[in-house]
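# A structural walkthrough
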Amino acid sequence: MALVTLRRNLYHLSDFRIHGALAALKTQQVNHVHKTVKEHLCPWFWSQHPGPIRVRFHHAHCKKFHSENGNDLHPVGEPGFSQVHNWDRFEHSVKNVDEQMFYRKLNSFTSSGEILRFVSTLETLPDTMMAGALHRICEVERKDGDQRLPKEILESSAFQALCDRFGRDPSDLSNAGLVTAFQALTLLCGDPQSHLLMNLEAECQHRLERGGLDVHSLCILGETLIKLHGPGCSTLDLIIYQLQGESLETFTPEDIVTVYRLLQASPEKADQQQRFLNKINHFSLSLVSNLSPKLMSQMLTALVVLDQTQALPLVIKLSKYVVRHIARFTSEELRKVLEALIYFGHSDRFFTETLEQHVASLCLTLDPELVSRVMEYCSRKLILSEPIFNAVAETFVCQAEKFSPSQTAKLIEPFGKLNYLPPNASALFRKLENMLLTHFNHFPPKTLLRLLHSCSLIESHPVNFMAKIFSPYFLQQLQGAESYLDRLSLAQLTQLFLTSILECPFYKGPKLLPKFQVKSFLTPCSSLETPMDFHLYKSVMIGLIDLLGARLYFSSKVLTPYCYTIDVEIKLDEDGFVLPFTIDEDVHKRVALCIDGPKRFCLNSKHLLGKEATKQRHLRLLGYQVVQIPYYEIEMLKSRLELVDYLQGKLFSQNSGGHW
C-alpha cells in the first residue's frame with residue numbers, strides 16, 4: 001500500500017525546507033516506512049511486513065490547534081538522535097525524505113504535550129509513524145523518571161484520538177504498528193485490564209498463533225508481555241519457540257540482544273534453552289562490532305544472569321569493544337559492564353588503562369555506585385591502579401556525604417587489601433573517621449568490621465572504634481540470629497585485637513574475649529593469609545637442603561602461637577648456628593622465610609598485598625627475623641648453584657649473625 005502524502009501539512013512545517021519533497025512523497029513505498037522507524041526512532045520498532053494505514057484526526061481540538069499554531073512548530077533543543085554513530089547510521093534517500101522529516105521533527109520535542117500537538121496537526125499518517133510517536137512519548141517520559149503520563153495528557157482529546165485509532169480495529173494494523181503501539185501503550189498506561197490493551201494483546205496473540213509475526217515483532221511482543229504479565233507469561237514460551245525456528249542471519253544486533261533479555265527473564269529455564277543459547281553466543285561473536293554501548297551492557301548483563309561461563313570468548317570480545325566506547329557509556333551501563341567482568345573473572349590491560357583515564361578525568365562527577373563498583377573491580381582482580389585510587393580518594397574527601405555505608409566500605413576496603421596509601425591519606429581517613437563517628441549505627445556490623453579491618457592493614461588503626469567492636473553488644477549484633485559467628489569475622493576480630501597489642505600499646509579499652517579468638521588466620525577464603533605456592537616451595541626446599549645439608553634443619557608450614565602460619569622456620573642458637581627443627585631448647589632466634597608466590601602480590605606487580613605486608617610486619621614485632629623470598633627473584637636464577645648462593649646471601653648475610 002503506498003504512503004499517502006503529507007502535502008497539506010508540509011505548508012505548516014516551514015523548517016523542513018526541502019525542495020521538491022512533495023513530488024518525492026508520491027512515490028514513497030511502504031518498506032521505507034519500516035526502515036525509517038527502525039533507524040530514526042528506535043531499533044525496537046521495525047518489521048519486514050508492509051501495510052501501513054492512514055490515520056485521520058477530525059476532532060475539534062486538533063483542528064483548532066492546526067489552524068492557530070501550525071506555524072509555531074519548531075525544534076526544541078537538539079534532536080534525540082542527532083549524533084550518528086557507526087552502529088546507528090541511517091541511509092539518506094530522496095524516496096524517504098518525508099519520513100526523515102517526520103522523525104527529525106518528532107525527536108526534537110522534549111515533552112509529551114509537544115509531541116501530541118505536533119501529531120494532531122497531521123491529517124494522515126501510517127500506523128507505524130503513529131506508533132513511533134507513542135514510543136517517542138515513552139522516551140520523553142523515561143527521561144523524566146516516570147513513564148506514566150500525567151492525568152491531563154491521558155485525558156486529553158489528542159491522546160484519546162491517538163489511542164482510539166489503534167483500538168478501533170487492530171486487525172487492520174501492520175505487524176510493526178500493532179506490536180509497537182502495544183508496547184508503547186503498555187509502558188504508558190500499564191493496566192492489563194485496559195480494554196485497549198486487551199484488544200491489542202488479543203490481536204497479537206492471534207497473529208502469533210498463526211505464525212504471522214516476523215523476528216523483530218516477536219521480540220517486541222515478548223518484552224511487552226513480560227512488562228505486562230511478568231516473566232511467567234505462558235505465551236513467552238511460544239515466542240521463544242518460534243524464534244528458535246528462525247535463521248539467526250535474519251536477526252539484527254538489536255534482535256539478538258532482545259532475545260538475550262527474553263531468556264534472562266526466566267534464568268531458571270536457562271538449562272532447557274542452553275542449545276539455543278550456545279547458537280546465539282557463537283553467532284553474537286560476529287555482531288559485537290555493531291553493538292552500541294547500551295546493547296553491549298545489556299548483553300553482558302544477560303550473560304551474567306544466565307550464567308554463561310562457557311561464553312568467555314564472547315565476554316572477552318565484548319570487553320575489547322567496551323574499551324573503544326567507554327566514554328559513551330552511562331554510569332549505569334558501565335556499572336553493569338564492571339559487574340560482568342567481575343563475575344566472569346576477566347581483566348584486560350587495555351580496559352584498565354582506559355578505565356584509569358575515564359575515572360581520573362571524571363572522578364568528581366561519577367555516580368557513587370559506579371565509583372564503588374570500579375573499586376570493587378580493582379579489588380577483585382588485585383589491580384593496583386594509582387590513578388584510579390588517587391582519583392577515588394579525592395572524590396571521597398570532597399563528596400563523602402554522597403556515599404552510603406555499603407558504598408563507603410566498597411570504596412575503602414581495596415586500599416587496605418592492595419596495601420596502598422594515597423597522597424591525601426590523612427584527609428581521607430579523617431573524613432572516614434568523621435563519617436563513622438556520626439553514622440556508626442548506620443553501618444551493618446559485618447560491613448563495619450570489614451571496613452575497620454582493612455584500615456588496620458595499611459596502619460591506619462581504628463583505635464577510636466576498637467572499644468565498640470570488642471564490646472559484647474557489638475559482638476551480639478555481629479552474630480545476629482545465628483548461633484555462632486562465622487570464621488572470617490572471628491579471624492578479622494582476632495587480627496584487630498593482635499594489632500591493638502602490637503601496634504597500639506596506648507589502647508587501654510576492652511579486650512577481645514578468648515572465645516571470640518581463632519587459633520589460625522588461614523581461612524577457606526584466604527582473606528588473612530595466602531597459602532604457600534607449592535611449586536615455588538619445592539624449588540626453595542631443594543636449595544635449602546643443599547645449603548644446610550639436611551632436611552632436618554628447617555620446618556615448613558609452622559603455626560605460631562600468634563595465629564600466623566610461617567612458610568619455613570629456621571632456628572638459631574645464641575652463636576647463630578642452625579639448630580634441628582626438633583629442638584626447642586636454647587633457641588635464640590627464629591628465622592621466618594616468607595616464600596611469596598604471585599598470589600601474594602598485586603596483579604602484574606611487586607607490591608605485596610595488605611594481608612601479607614601486615615603478616616610480615618607483625619612477625620617482626622613478635623621477634624622473628626623475616627626473610628622474604630619473592631617469586632620474581634627465584635625466577636631470575638638459572639641454576640641450582642645460583643639458588644644456593646642466593647639463599648646463602650638471604651639467610652647468612654654479614655649482619656644476620658647466622659652460621660651453618
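Conventions and cut-offs
- Residues numbered from 1 in each chain as written.
- Predicted model: local features only at pLDDT ≥ 70, side-chain atom pairs only at ≥ 80, totals over all residues.
- Heavy atoms only, no water.
- UniProt positions renumbered as here; feature names shortened; annotations may be inferred.
- Axes fitted to C-alpha atoms, helices over the stretch in contact; angles between N-to-C directions.
- Helix = DSSP H or I, 4+ residues; strand = E, 2+ residues; numbered from the N terminus.
- Parallel < 35°, antiparallel > 145°, perpendicular 65-115°, else oblique.
- Left-handed = near helix turned anticlockwise from the far one by under 90°.
- Contact = heavy atoms within 4.5 Å.
- Nonpolar A, V, L, I, M, F, W, Y, C, P; charged D, E, K, R; others polar.
- Phe/Tyr/Trp six-rings, centres within 6.5 Å; stacked < 30°, edge-to-face > 60°.
- Buried < 20%, exposed > 50% of the residue type's maximum accessible area, 1.4 Å probe, protein only.
- Lys NZ or Arg CZ within 6 Å of the ring centre and 35° of its normal.
- Core = buried A, V, L, I, M, F, W, Y, C linked by side-chain atoms within 4.5 Å.

Under an unreviewed UniProt entry, the name given to the protein is FAST kinase domain-containing protein 3, and the organism recorded is Bison bison bison. For the protein, the Subcellular location (unreviewed entry) comment in UniProt is given as "Mitochondrion".

## Describing the packing of helix H19 (residues 349–362) against helix H21 (residues 386–399)
Their axes nearest at 9 Å, the elements H19 and H21 cross at an angle of 20 degrees. Between H19 and H21, the angle falls in the class roughly parallel. The chirality of how H19 crosses H21 is left-handed. For the pair H19 and H21, the contacting residues are Leu 355, Glu 356, Val 359 and Ala 360 in the first and Pro 387, Ile 388, Ala 391 and Val 392 in the second. Along the lines of polarity and charge, the residues of the contact of H19 with H21 split into seven nonpolar, no polar and one charged.

## Let's talk about the packing of aromatic side chains
The tally for this structure, following the rule as stated, stands at 15 aromatic pairs. Between Phe 470 and Phe 497, the aromatic rings sit 6.0 Å apart at their centres with planes inclined by 85 degrees, giving edge-to-face as the arrangement. Residue Phe 470 is found in the loop between helix H25 (463–469) and helix H26 (472–479), and its partner Phe 497 is found in helix H27 (residues 487–502); the two are separated by 27 residues along the sequence. Here Phe 470 falls in the buried class, since its relative accessible area comes to 3%. Their ring planes at 80 degrees and their centres at 5.5 Å tell us that Tyr 631 and Tyr 632 sit as a pair that is edge-to-face. When its relative accessible area of 17% is taken as the criterion, Tyr 631 is described as buried. Through a chain of ring-to-ring contacts, three or more aromatic side chains come together here, namely Phe 102, Tyr 103, Phe 109 and Phe 118. Arg 324 extends its terminal NZ or CZ atom over the ring of Tyr 321, reaching a point 4.3 Å from the ring centre.

## Side note on the nonpolar core
Tyr 260 and Leu 355 are the most contacted members of the largest nonpolar core, which totals 164 residues. Setting aside its immediate chain neighbours within four residues, Tyr 260 contacts Leu 277, Ile 280, Asn 281, Ser 284, Met 299, Ala 302, Leu 303, Leu 306 and Leu 314. Core analysis: the next-biggest nonpolar cluster, separate from the first, contains 27 residues, Phe 601, Tyr 646, Leu 647 and Leu 651 among them.

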